[in-house]
Amino acid sequence: MRNLFSFVIKLALLVTLGVWLADQPGTARIVWHDYVIETPTAVLVLCTLAAGFVFYLLFRFWHLIRNGPELWRLGRKLRKMQQGQECLTQGLVAIAAVMRPKPVVLR
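The rules behind the values
Residues numbered from 1 in each chain as written. Predicted model: local features only at pLDDT ≥ 70, side-chain atom pairs only at ≥ 80, totals over all residues. Heavy atoms only, no water. Helix = DSSP H or I, 4+ residues; strand = E, 2+ residues; numbered from the N terminus. Buried < 20%, exposed > 50% of the residue type's maximum accessible area, 1.4 Å probe, protein only. Areas by Shrake-Rupley, 256 points an atom, 1.4 Å probe, with all protein chains shown as cover. Lys, Arg positive; Asp, Glu negative; His and termini not counted. Charge placed at Lys NZ, Arg CZ, Asp CG, Glu CD. Patch = residues over 30% accessible without salt bridge, like charges linked within 9 Å, V, L, I, M, F, W, Y side chains within 5 Å. Salt bridge = Lys/Arg side-chain N within 4 Å of Asp/Glu carboxyl O. 1 Å grid on protein atoms, 1.4 Å probe; cavity = no way out; pocket = protein on both sides within 12 Å on 5 of 7 lines; lining within 4 Å. Points joined across faces, edges and corners; volume = space filled by probe spheres on them. Nonpolar A, V, L, I, M, F, W, Y, C, P; charged D, E, K, R; others polar. Pairing = 2+ DSSP bridges. Contact = heavy atoms within 4.5 Å. Expected span 1.5 Å × (residues − 1).

Student: Account for the overall build of the chain, with residues named and values stated.
Tutor: Looking only at helices and strands, the chain has two helices and two strands in total. Going from N to C terminus, the chain has its helices and strands arranged as α-β-β-α. With the C-alpha coordinates of the chain rotated into their principal frame, the extents come out at 105 × 35 × 15 Å. Looking at the 107 residues of the chain, the share that counts as buried comes to 3%. Roughly 10700 Å² of accessible area belongs to the chain as shown, and the carbon and sulfur atoms make up 70% of that amount. Of note, the chain has its 13 positive side-chain charges centred 31 Å away from the centre of its 5 negative side-chain charges.

Student: I'd love a proper account of a nonpolar patch on the surface, names of residues and values included.
Tutor: On the surface, a nonpolar cluster with roughly 750 Å² of combined accessible area is contributed by Met-1, Leu-4, Phe-7, Val-8, Leu-11, Val-15 and Val-19. Among the structural elements, Val-15 can be located in helix α1 (residues 2–23).

Student: Describe in detail the layout of surface pockets, supporting the description with residues and values.
Tutor: Considered as a void within the structure, the largest pocket measures approximately 190 Å³ in volume. Lining the largest pocket, in full, are Leu-14, Leu-17, Gly-18, Leu-21, Ala-22, Ala-42, Val-45, Leu-46 and Leu-49. Within the residue set of the lining of the largest pocket, elements represented by two or more residues are α1 and α2 (41–98). Take the lining of the largest pocket: its biggest share by element is five residues, from α1. Of the residues that constitute the lining of the largest pocket, the class distribution is eight nonpolar, one polar and no charged.

Student: Help me get a handle on the pattern of salt bridges, residues and values and all.
Tutor: Across all of its chains, the model carries one salt bridge by this definition. Measuring nitrogen to oxygen at the nearest pair gives 3.4 Å for the salt bridge that ties Arg-29 to Glu-38. Side by side, Arg-29 and Glu-38 carry an identical accessibility label, which is exposed.

Student: Got a sec to walk through the pairing of strand β1 (residues 27–32)? Specific residues and values, please.
Tutor: The side chains of a regular strand alternate, first on one face of the sheet and then on the other. The sheet contact formed by β1 and strand β2 (residues 35–40) spans six bridges and is antiparallel. Residue pairing for β2: Arg-29 is matched across the bridge by Glu-38. Connecting β1 to the antiparallel partner β2 that follows it, the hairpin turn spans two residues, and His-33 within it adopts a positive phi of roughly 55°.

Student: Before we move on, could you go through the side chain of Thr-39 and cite the residues and values that matter?
Tutor: As for its placement among the helices and strands, Thr-39 is situated in strand β2. When near neighbours in sequence (up to four residues on either side) are disregarded, Thr-39 contacts Thr-27, Ala-28 and Leu-44.

Student: Quick one: what's the story with unusual backbone geometry, residue by residue and with numbers?
Tutor: Despite not being glycine, His-33 shows a phi value in the positive range, around 55°. When its relative accessible area of 67% is taken as the criterion, His-33 is described as exposed.

Student: Account for α1, naming residues and giving values.
Tutor: For α1, with 22 residues, the first-to-last C-alpha span of 32 Å sits near the 32 Å given by 1.5 Å per residue. For α1, the buried fraction is low: zero of the 22 residues fall into the buried class.

Now the structure itself:
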């Protein structure tokens, strides 16, 4: 429930930011050598955010390629350790059930 509420709040903020940005008049003009790019400010901001997101995805993909096998190996080792601890716990519970102390009767 908390995650849903957080998602709705973030989505509302993004929509509000988008509407505000779309309502702001203005153009951006980029001159580079003989090229001139004129675009509305909202489009420039959107393109900048999209380029940042693409670079982020490329970085994450590179990280996965570089560290993926090691992360997979560590995850497998952790799962094996948890499985071993569960087996040990079950064994100790079984021993405790068999070795239950007999009640002492006082006369």
